[in-house]
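# Commentary on secondary and tertiary structure
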Amino acid sequence: LSNGTVAFCGPASQCVPYLVQIGRQMPANTNPAEYMLNLVNTDFSDPQDVEKLLLQWEANCPPEPMVEHMSLPERQRYRTSFLGQCVTLLRRHSVLAVRDPSLYGGRAFMFLFCCCFFSVIYWNARERIQQQAFYRLWLILWFIGVPASLGVIAVFALNIEFIAVKREVRDGMFRPAAYLIAQLLLQIPMMIFLSICSLGISAYAMSNFQGEAFLPFLFTYALQLWVFECQAQSLSVQFNNPLLGTLGFLQNWFAAFLFAGIMVPTDDVIWPFRILTYISPIRWALSSLCKIEYSDTTYGGATTVSGGMRPFVCDADVPPALCLGATGEQVLDSLGRNYKTLSSEDNVARDSFILLAIAVAFKLMFMVLFQMKTTIMETPKPPANPKAVSMRIDQTTTVFPSVESHRTV
């Protein structure tokens, strides 16, 4: 093409014979493509010669073949089925999770290290006696709070992943729903894996948690980790700058830790901040995990009695402030007098449902934001100052020499 007009149209092998036919013999040792471009470019050839070349093709071009118009089947946008997309994405992100430790592998090591560190610090809490029953509560709280805060790493990693996935979705490589399902299927076993790293050695090998309650304790712990993971996902797509998402996650985590019912009594929090106490994942996780760990256990230094002001009495060497109960249920009731979050009532199902509802809310927020940002295209905006753009273009053309001057040199 030259100035929108055809100079030659046909197989590449016929280009040179056609040029010979019209008297345009190509010099030896010359690239045919470059020679043809020079012929049709008015910067390198005389405009009259270019015009003559265009007229020669118009006079010598073969007649257009008759094309029978027929309706073609509409091409599908996605060549792979929805199930195939889910399987492919699940396989791809599973491999990435193994190769890139930033999202899961690195956190698994940090979970293991942090929880073992707290098990060493609260080493005496492994004994089920009156003096250590209170400190076991704080050990569980640290097991919940510190690993949850490391979800800030997921915000940054998922934001980087979202940039690549958004480009792939807009290019029509797969449906947004396929990615969302693959991510969900990968998250669930990963939360269990992270929970095992957090609790397997620290809680059950070092801190003497009761092994009979391992599975309910593990799954409840994994559920609260999933809440923070869903929160990290929603913040990773909410802001283009991942640092803003990480700051938002830290703020939410701090609010969840502060309003868990241990630092500040729930009834003492004024409105509207009291709302944060009802949506704090740490509060509901702490309630369930303490119920699971303390139930069906006994604590030395106290004896169950009947007919007294309390259903137990403690040994003489136990300070009154640390006399909490002979059984785990009595310990929970004693702790519940100061911390309303704790109770001997079996509220594990209720707490798990609340945790699940909070996680689903964050997951739905993530899905909506993901769908919007991957399907809605932004309209290009004209420059605010066209003269400034023109000036920059002029400056650019003066800096770089033209192709003709380069050839002359």
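Above this text sits the structure in question.
Scope of this entry: the structure provided in the associated data block. (Residues numbered from 1 in each chain as written. Predicted model: local features only at pLDDT ≥ 70, side-chain atom pairs only at ≥ 80, totals over all residues. Heavy atoms only, no water.)

## Observations regarding the overall build of the protein
Summing up its helical and strand segments, the protein has 17 helices and two strands in all. Of all 409 residues assigned to the protein, the portion counted as buried reaches 44%. A fraction of 74% describes how many contacts in the protein between residues 6 or more apart in sequence connect residues 24 or more apart. By element, 64% of the accessible surface of the protein is carried by carbon and sulfur atoms, the whole surface being about 23300 Å². (Helix = DSSP H or I, 4+ residues; strand = E, 2+ residues; numbered from the N terminus. Buried < 20%, exposed > 50% of the residue type's maximum accessible area, 1.4 Å probe, protein only. Contact = heavy atoms within 4.5 Å. Areas by Shrake-Rupley, 256 points an atom, 1.4 Å probe, with all protein chains shown as cover.)

## Points about the environment of Val155
In this structure, Val155 sits in helix H7 (residues 152-170). Taking C-alpha positions, Val155 is 6.3 Å from Gly245, a pair spaced 90 residues apart along the chain. With near-sequence residues (within four places) excluded, Val155 lies in contact with Ala232, Leu235, Ser236, Pro242, Gly245, Thr246 and Phe249.

## Topic: the pattern of salt bridges
Pairing between side chains of opposite charge can happen when the charged atoms of each approach one another. Counted under the stated rule, the structure contains five salt bridges. In this structure, Arg107 engages Glu229 in a salt bridge whose closest nitrogen and oxygen atoms are separated by 2.9 Å. With Arg107 in helix H5 (residues 105-121) and Glu229 in helix H10 (residues 214-238), the pair connects residues that are 122 residues apart, well separated along the chain. Accessibility classification places Arg107 together with Glu229 in one group, the buried group. A salt bridge links Glu293 to Arg128, with the shortest nitrogen-to-oxygen separation between them at 2.8 Å. Here Glu293 is found in helix H13 (residues 281-294), whereas its partner Arg128 is found in the loop between H5 and helix H6 (130-149), with 165 residues between them in sequence. It is possible to trace a salt-bridge network through shared partners that takes in Arg128, Arg136 and Glu293. (Salt bridge = Lys/Arg side-chain N within 4 Å of Asp/Glu carboxyl O.)

## Focus: the side chain of Asn159
In this fold, Asn159 is placed in helix H7. A polar side-chain atom of Asn159 sits 2.8 Å from the main-chain carbonyl oxygen of Ser236. (Polar contact = N/O pair within 3.5 Å; in protein donor to acceptor, adjacent residues only side chain to side chain.)

## Quick notes on the state of the cysteines
Applying the stated rule across the entire model yields one disulfide. Paired through a disulfide, Cys314 and Cys323 show a sulfur-sulfur distance of 1.8 Å. Between Cys314 and Cys323, the disulfide has an S-S torsion of 90° and is therefore right-handed. With no disulfide of its own, Cys116 lies closest to Cys115 among cysteine sulfurs, the gap being 7.2 Å. (Disulfide = S-S within 2.5 Å.)

## Details of the nonpolar core
Side chains of nonpolar character tend, in soluble globular proteins, to be buried together. Grouped together as the largest cluster of nonpolar side chains are 74 residues, with contacts concentrated most on Phe143, Ile282, Leu286 and Tyr294. For this core, the element with the most residues is H10, which contributes twelve residues. Dropping the residues within four chain positions of it, Leu286 is found in contact with Leu137, Ile140, Leu141, Ile144, Ile262 and Leu342. Counting residues in hydrophobic clusters, the runner-up holds 15 residues, among them Leu19, Val40, Val50 and Trp57. (Core = buried A, V, L, I, M, F, W, Y, C linked by side-chain atoms within 4.5 Å.)

## Re unusual backbone geometry
Here Trp271 and Pro272 are connected by a cis peptide whose omega angle stands at 5°. Non-glycine residue Asn208 carries a positive phi angle of around 60°. Within the secondary structure layout, Asn208 lies in the loop between helix H9 (202-206) and H10. In the Ramachandran plot, Asp296 falls in the positive-phi region, its phi being about 60° despite a non-glycine side chain. Within the element layout of this structure, Asp296 appears in the loop between H13 and strand S1 (302-304). On the accessibility criterion, Asp296 (71% relative accessible area) is exposed.

## Concerning helix H4 (residues 82-99)
Taking 1.5 Å of rise per residue, the 18 residues of H4 would be expected to cover 26 Å, and the 26 Å separating its terminal C-alpha atoms lies within 8% of that figure. Of all the residues in H4, the buried ones are Gly84, Gln85, Cys86, Leu89, His93 and Ala97. In this structure, the buried residues of H4 make contact with H7 and helix H8 (176-199). (Expected span 1.5 Å × (residues − 1).)

## Examining the packing of H5 against H8
Look at H5 against H8: their axes get within 7 Å of each other, and the N-to-C directions meet at 30°. In terms of axis orientation, H5 runs roughly parallel to H8. For the pair H5 and H8, the crossing hand works out as right-handed. Contacts from Arg107, Ala108, Phe111, Leu112 and Cys115 of H5 reach H8 at Phe193, Leu194, Cys197 and Ser198. Taken together, the residues of the contact of H5 with H8 break down into seven nonpolar, one polar and one charged. (Axes fitted to C-alpha atoms, helices over the stretch in contact; angles between N-to-C directions. Parallel < 35°, antiparallel > 145°, perpendicular 65-115°, else oblique. Left-handed = near helix turned anticlockwise from the far one by under 90°. Nonpolar A, V, L, I, M, F, W, Y, C, P; charged D, E, K, R; others polar.)

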